[in-house]
Amino acid sequence: MATSHIDPEYQANAIEPNVQQDWENRKVFKVADTVEGKHRYILSMFPYPSGKLHMGHVRNYTIGDVISRFHRLKGETVLQPMGWDAFGLPAENAAIAHKVAPAKWTFENIDYMRNQLKSLGLAIDWDREVATCTPEYYRWEQWLFVQLYKKGLIYRKLSTVNWDPVDQTVLANEQVVDGRGWRSGALVEKRDIPMYYFRITDYAQELLDDLEQLKDGWPQQVLTMQRNWIGRSEGMDITFPSADTSIYADELTVYTTRPDTLMGVTYVAIAAEHPMAKKAAELRPELNAFIEECRHGSVSEADVATAEKKGMATGLYVKHPITGENVEVWIANYVLMSYGSGAVMAVPAHDERDFEFANKFGLPIKQVIDAQGAKDNAYDATTWQDWYGSKEGKLVNSAQFDGLKFQDAFDAFIELLAPKNLASKKVQFRLRDWGVSRQRYWGCPIPMINCESCGQVPVPEDQLPVELPTDVVPDGSGNPLAKMPEFYETTCPHCGGAAKRETDTLDTFVESSWYYARYASPDFTDGMIKPEAAQTWLPVNQYIGGVEHAILHLLYARFFHKLMRDEGVVQGNEPFANLLTQGMVLADTFYREEESGKKTWFNPADVELTRDEKGRITAAVCKIDGQPVIIGGQEKMSKSKNNGVDPQAIINQYGADTARVFTMFAAPPDQSLEWSDAGVEGSNRFLKRVWRLSTSFLEKSANKSLHLDKATLSKDAQDLRRKTHETIAKVGDDIERRHAFNTAIAAQMELLNTITKFTTTSDNELAVEQESIIALLTMLAPFAPHLSQKLLAQFGIDLTEARFPMVDESALTRNTQTIVVQVNGKLRGKLEVATNLSKDEILAQAKALPEVQQFLTGPTKKEIVVPNKLVNLVV
Ligand code: ANZ
Ligand code: ZN
């Protein structure tokens with residue numbers, strides 16, 4: 001038994017740096033690229049180096065760390081890496097604001113945040129740190145790009161994008177707010193520019209099918225979001241021939257999921273970018289202004305669906321493929337060029353958007369499905385809703401097709417039109433190919449060369465990486481790379497002539513799509529991933545991150561895994577076997593409102609609260625001026641509400657272990673966590689009590705050599721052992737299977753209470769108490785590793801070598817039980833008996849009790865024995 005002196009007071013700040021230093025010195029969390037025996041890869045989504053950690057990070061990384069440390073305690077080799085999603089727009093914005101190069105800003109942030117992460121005490125193999133903005137990383141991304149380009153899985157095409165004329169850049173749909181650029185506020189235009197695309201649609205079916213492999217490891221809700229995003233629909237391409245080929249030569253093809261409504265088509269609508277619209281504008285110049293108008297505004301499907309319907313007739317006609325009647329072609333703002341064929345057969349009676357459009361422009365409406373509630377064939381403005389949406393009804397007003405239901409109609413139209421090349425079945429995905437070109441500086445250079453005579457030529461592999469110059473300070477006007485001849489001037493690898501490098505960079509989602517794989521062998525210089533390392537560590541066993549990444553990041557990473565698999569770089573079909581999506585971190589908000597309605601938000605750290613007995617806030621004043629502020633309720637921590645709690649302040653005040661225990665105890669990991677100072681203090685008190693219990697035990701047991709003798713335990717000792725081993729079983733299950741870290745901690749708090757109440761009268765009882773304390777400290781290690789390591793050391797145990805305690809099944813079974821003894825239904829005595837005692841023996845012992853005997857005034861008329869519970873004697 002170690003007897004070194006230990007501080008009786010829990011002082012986190014005195015312990016934590018030392019323990020962290022010890023881990024670093026001994027490289028405790030370092031793992032090899034290849035491992036024999038049980039191993040596991042636990043990964044939390046890597047951070048963007050924005051400047052400092054926020055509570056969401058603390059929660060995310062603590063969850064990952066608890067799982068990692070638990071499996072280490074189970075004797076497994078655990079890979080838990082960390083790195084930086086280091087390219088992206090904020091670095092450029094900071095550059096514009098502070099005139100500092102994005103590289104410098106980024107690396108300084110990384111240095112600061114790395115220290116913060118280290119102060120949290122995460123069991124990370126820091127030798128595997130990766131920053132995506134380093135050429136060592138992105139050269140392999142460029143390498144893959146070149147392979148995919150050669151295979152045709154990346155292509156270049158002109159495409160219509162949201163263009164911000166002030167920022168001179170393409171905007172993502174979500175960066176368009178009310179038709180304006182999110183940063184500049186400028187009216188967004190649509191523009192055609194050449195962009196590189198990943199052919200993710202080639203993998204759409206597989207991305208959908210393989211969700212099946214994830215159904216036990218991923219949250220249901222995320223699987224649904226993935227499925228909807230991929231959006232498989234089955235429909236038909238139907239061709240409407242030109243009514244007059246001397247005016248318009250081509251035929252018009254539409255995509256429809258409701259071919260059964262074909263006889264209800266009253267017009268055809270095309271997108272403003274459709275080639276037929278251009279032709280029509282040549283004939284009718286007044287269309288140009290409208291086409292131009294459609295170029296503004298968003299290309300987002302959601303926006304388009306809800307925008308006010310606008311349109312103009314083209315003056316061109318097509319022929320209905322069945323009746324041969326002329327159908328007028330309209331340009332409509334609700335038709336997307338990027339979906340199907342950019343043209344729709346409009347059936348206003350059964351499609352809401354067509355209905356709205358037809359009403360606005362006075363176009364005919366013809367019912368062809370006999371839906372319930374629409375008995376009358378004439379259009380009735382009050383019942384039109386009943387007509388659309390339903391695939392259940394039978395066809396009406398559809399000539400020889402009357403009476404058919406959806407599937408029969410589908411087959412009948414195919415049978416009739418397919419031989420004439422006027423229809424074909426089609427599976428359509430909502431998923432679009434992934435445009436990856438960004439007109440930005442701080443990103444991975446696209447490894448392509450543009451040659452006037454040879455076109456687009458990939459950079460030869462031996463010339464990779466194409467390095468991004470790091471000493472550039474963007475000024476906000478377009479992409480600086482496009483203004484740097486020293487970057488873009490090059491020679492064509494094909495013809496040797498003068499050529500120009502691509503100056504666009506890749507979407508930063510590309511870097512985050514494969515970092516999980518790079519961690520397996522971050523320093524490998526002969527390829528993306530060392531084959532043995534990929535074999536050892538992939539797929540990630542447990543991935544943890546915010547639900548905000550449920551769609552795009554996860555979809556792209558799944559896609560990349562398949563791309564890399566097909567390139568022979570990794571095996572398996574999916575990158576993340578299990579996924580945990582953590583909930584948001586909420587905190588109280590406080591504000592004052594000016595007469596104008598403008599709100600000023602106060603940080604919770606600057607607000608003094610008064611609470612009632614139940615802990616509810618009853619009053620709040622600003623600490624600076626002592627005046628009241630309005631209580632705004634709990635909201636997601638954010639800059640806009642100024643309700644972020646700085647993790648550093650918590651760590652400085654209470655230590656990392658308290659911050660970790662609080663974030664794990666306050667809520668199950670997938671639910672919202674409500675920040676509360678009282679909760680933080682409570683967690684800190686718990687750790688202090690653990691400390692006090694351990695140190696006072698060490699004092700009273702000093703210089704004793706304890707040995708646990710299970711055969712001669714007092715009842716209290718048996719009870720404590722049972723509680724201890726029940727807790728071990730529960731905590732193990734809570735952490736490993738249920739990911740219910742909050743109840744795991746609650747169980748440890750209970751155990752602490754039980755141990756604290758236990759009084760020892762013998763060395764054997766001391767040995768029992770010691771067993772319980774060591775079990776508690778070990779179970780607590782995933783949550784409060786510093787405290788745990790420091791205290792366990794006093795018991796001669798090195799946490800880094802320790803194992804999660806084993807459940808002693810013999811301690812779980814109760815050897816004795818308490819039986820209540822009644823006479824005529826009244827409680828007269830209690831009996832402590834062995835659990836395996838027979839009914840007769842229990843009865844005999846009950847009757848022999850002196851306090852019972854005095855009531856047995858005559859022979860018993862009835863003797864009732866309820867096993868494990870009670871004996872009732874009736875006299
Ligand atoms: C006729 C029809 C009748 C339609 C009806 C719907 C209901 P999903 O299911 O999402 O795949 N559509 C086709 N291409 C379009 C485009 N480029 N822009 C806007 N809308 C387009 O949607 C397929 C339906 O969306 C298609 O089926 C088409 O309208 C419309 F009672 O055709 B439907
Ligand atoms: Zn050339």
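The structure under discussion appears in the preceding block.
Because the structure is a prediction, the values reported are computed rather than measured. (Residues numbered from 1 in each chain as written. Chains lettered and ligands numbered in written order. Predicted model: local features only at pLDDT ≥ 70, side-chain atom pairs only at ≥ 80, totals over all residues. Heavy atoms only, no water.)

Caption draft 1: Quick peek at the overall build of the protein. The secondary structure content of the protein amounts to 26 helices and 37 strands. Projected onto the principal axes, the alpha-carbon positions of the protein cover approximately 115 × 80 × 65 Å. When burial is assessed residue by residue, the protein has 52% of its 875 residues classed as buried. For the protein, the proportion of contacts with a sequence separation of at least 24, taken over those separated by at least 6, is 71%. (Helix = DSSP H or I, 4+ residues; strand = E, 2+ residues; numbered from the N terminus. Buried < 20%, exposed > 50% of the residue type's maximum accessible area, 1.4 Å probe, protein only. Contact = heavy atoms within 4.5 Å.)

Caption draft 2: The arrangement of unusual backbone geometry in detail. That bond from Leu-464 to Pro-465 is cis: its omega, 0°, falls within 30 degrees of zero. In this chain, Leu-538 is followed by Pro-539 through a cis amide linkage whose omega measures -5°. Take Pro-539: it is sitting in the loop between α15 (531–537) and β26 (542–546). In this structure, Lys-99 takes a positive phi of about 55° despite not being glycine. The residue Lys-99 is located in the loop between α3 (89–98) and α4 (102–119) in this model. If you check the backbone angles, His-739 has positive phi at about 50° while not being a glycine. For His-739, a relative accessible area of 18% translates into the label buried.

Caption draft 3: Structural detail: the coordination of the zinc ion (ligand 2). Within the protein, the zinc ion (ligand 2) binds to Cys-451 (SG), Cys-454 (SG), Cys-492 (SG) and Cys-495 (SG); these donor distances fall in the range 2.1 to 2.4 Å. Each of the 4 donor atoms around the zinc ion (ligand 2) contributes to a set of angles spanning 106 to 114°, which defines the coordination as tetrahedral. Expressed as a motif, the donor residue spacing for the zinc ion (ligand 2) is C-x2-C-x37-C-x2-C. With relative accessibility at 7%, the residue Cys-451 sits in the buried group. (Donors = N, O, S within 2.8 Å, 3.2 Å for Na, K, Ca; no water. Tetrahedral: all angles 85-135°; square planar, octahedral: opposite > 155°, others 65-115°.)

Caption draft 4: Molecular detail of the pattern of salt bridges. With the rule as written, the count across this model stands at 50 salt bridges. Notably, a salt bridge pairs Arg-258 with Asp-260, separated by 3.0 Å at the nearest N-O pair. Lys-730 serves as the salt-bridge partner of Asp-734, at 3.0 Å between the closest nitrogen and oxygen. Taken together, the residues Asp-734 and Lys-730, both in helix α20 (residues 715–736) and 4 residues apart, mark about one turn of the helix. Residue class for Lys-730 comes out partly exposed when judged on its relative accessible area of 36%. (Salt bridge = Lys/Arg side-chain N within 4 Å of Asp/Glu carboxyl O.)

Caption draft 5: Representation of the pairing of strand β12 (residues 267–270). Side-chain alternation along β12 places Tyr-267 and Ala-269 on one buried face and Val-268 and Ile-270 on a second face that is also buried. Pairing between β12 and strand β15 (residues 343–346): 4 bridges, direction antiparallel. Bridging across to β15, Ala-269 finds its partner in Val-344. By the bridge criterion, 3 bridges tie β12 to strand β14 (residues 326–332) in an arrangement that is parallel. Within β14, the residue paired with Val-268 across the bridge is Val-329. (Pairing = 2+ DSSP bridges.)

Caption draft 6: Region of interest: helix α25 (residues 839–848). Looking at α25, one finds that the buried residues are Ile-842, Leu-843 and Ala-846. The buried side chains of α25 occupy one side of the element, clustering within an arc of 100° when seen end-on. Structurally, α25 contributes buried residues whose contacts are with β34 (816–823), β35 (826–834), α26 (850–853), β36 (862–866) and β37 (870–874). (Arc of directions from axis to C-beta.)

Caption draft 7: Summary view of the sheet that holds strand β22 (residues 455–458). Strand order across the open sheet formed by 4 strands is β22-β21-β24-β23, with antiparallel pairing between neighbours. Edge strands, defined here as strands with exactly one partner in the open sheet, are β22 and β23 (489–491). In this sheet, neighbouring strand axes are inclined to one another by 40° on average, regardless of whether the strands run parallel or antiparallel. One ladder, built from 2 bridges, connects strand β21 (residues 448–451) with strand β24 (residues 498–501); its direction is antiparallel. By the bridge assignment for β24, Ile-449 is matched with Arg-501. (Axes fitted to C-alpha atoms, helices over the stretch in contact; angles between N-to-C directions.)

Caption draft 8: Focus on the site of ligand 1. Near ligand 1, the surroundings consist of 18 residues, among which Thr-256, Leu-336, Tyr-339, Val-344 and His-350 are the closest. Within the backbone of Thr-257, a nitrogen or oxygen atom sits 3.1 Å from an oxygen atom of ligand 1. Arg-353 has a polar side-chain atom sitting 3.4 Å from an oxygen atom of ligand 1. The fraction of the free accessible surface of ligand 1 (650 Å²) that becomes covered by protein chains is 85%. Counting only elements with at least two residues in the shell around ligand 1, the list comes to β11 (252–256) and β15. If you tally residues by element for the shell around ligand 1, the top one is β15, at 3 residues. (Near = heavy atom within 4 Å. Polar contact = N/O pair within 3.5 Å; in protein donor to acceptor, adjacent residues only side chain to side chain. Areas by Shrake-Rupley, 256 points an atom, 1.4 Å probe, with all protein chains shown as cover.)

Caption draft 9: Examining the packing of aromatic side chains more closely. Taken as a whole and assessed by the stated rule, the structure comprises 36 aromatic pairs. Seen from their ring centres, Phe-198 and Phe-559 are 6.2 Å apart, and the 80° between their planes marks the pair as edge-to-face. Of this pair, Phe-198 sits in strand β9 (residues 189–198) while Phe-559 sits in helix α16 (residues 552–566), and the two are 361 residues apart along the sequence. Given a relative accessible area of 0%, Phe-559 falls into the buried group. Within the aromatic cluster, the residues linked to one another by ring pairs are Phe-145, Tyr-149, Tyr-196, Phe-198, Tyr-203, Trp-434, Phe-509, Tyr-556, Phe-559 and Phe-560. Sitting over the ring of Trp-140, Arg-139 keeps its end group 4.6 Å from the ring centre. (Phe/Tyr/Trp six-rings, centres within 6.5 Å; stacked < 30°, edge-to-face > 60°. Lys NZ or Arg CZ within 6 Å of the ring centre and 35° of its normal.)

Caption draft 10: Representation of the pairing of β24 within the structure. Where β23 lies against β24, 3 bridges are found, and the strand directions are antiparallel. In the strand pairing of β24, Glu-489 is matched with Lys-500.

Caption draft 11: Molecular detail of the side chain of Thr-724. As for its placement among the helices and strands, Thr-724 is situated in helix α20. Judged by relative accessible area, Thr-724 falls into the buried class, the value being 0%. In this structure the side chain of Thr-724 is engaged in a polar contact, spanning 2.7 Å, whose partner is the backbone oxygen of Leu-720. Setting aside residues no more than four positions away along its own chain, Thr-724 makes contact with Leu-751, Ser-772 and Ala-775.

Caption draft 12: Here's a closer look at a positive patch on the surface. On the surface, a cluster of positive charge is contributed by Arg-685, Lys-688, Arg-689, Arg-692 and Lys-757. Broken down by element, the residue count for the positive patch peaks at 4 residues, all from helix α19 (residues 677–700). In this structure, Arg-692 sits in helix α19. With relative accessibility at 48%, the residue Arg-692 sits in the partly exposed group. (Patch = residues over 30% accessible without salt bridge, like charges linked within 9 Å, V, L, I, M, F, W, Y side chains within 5 Å. Lys, Arg positive; Asp, Glu negative; His and termini not counted. Charge placed at Lys NZ, Arg CZ, Asp CG, Glu CD.)

Caption draft 13: Geometry of the sheet that holds strand β10 (residues 232–240). Across the sheet, 3 strands lie side by side as β11-β10-β18; this open sheet has antiparallel pairing. One side of each edge strand has no neighbouring strand; the edge strands of this open sheet are β11 and β18 (423–429). Taken pair by pair, the neighbouring strands of this sheet meet at an average axis angle of 30°, ignoring direction. Here β10 pairs with β11 via 5 bridges, running antiparallel. Its bridge partner being in β11, Ile-238 is matched across the sheet by Val-254.

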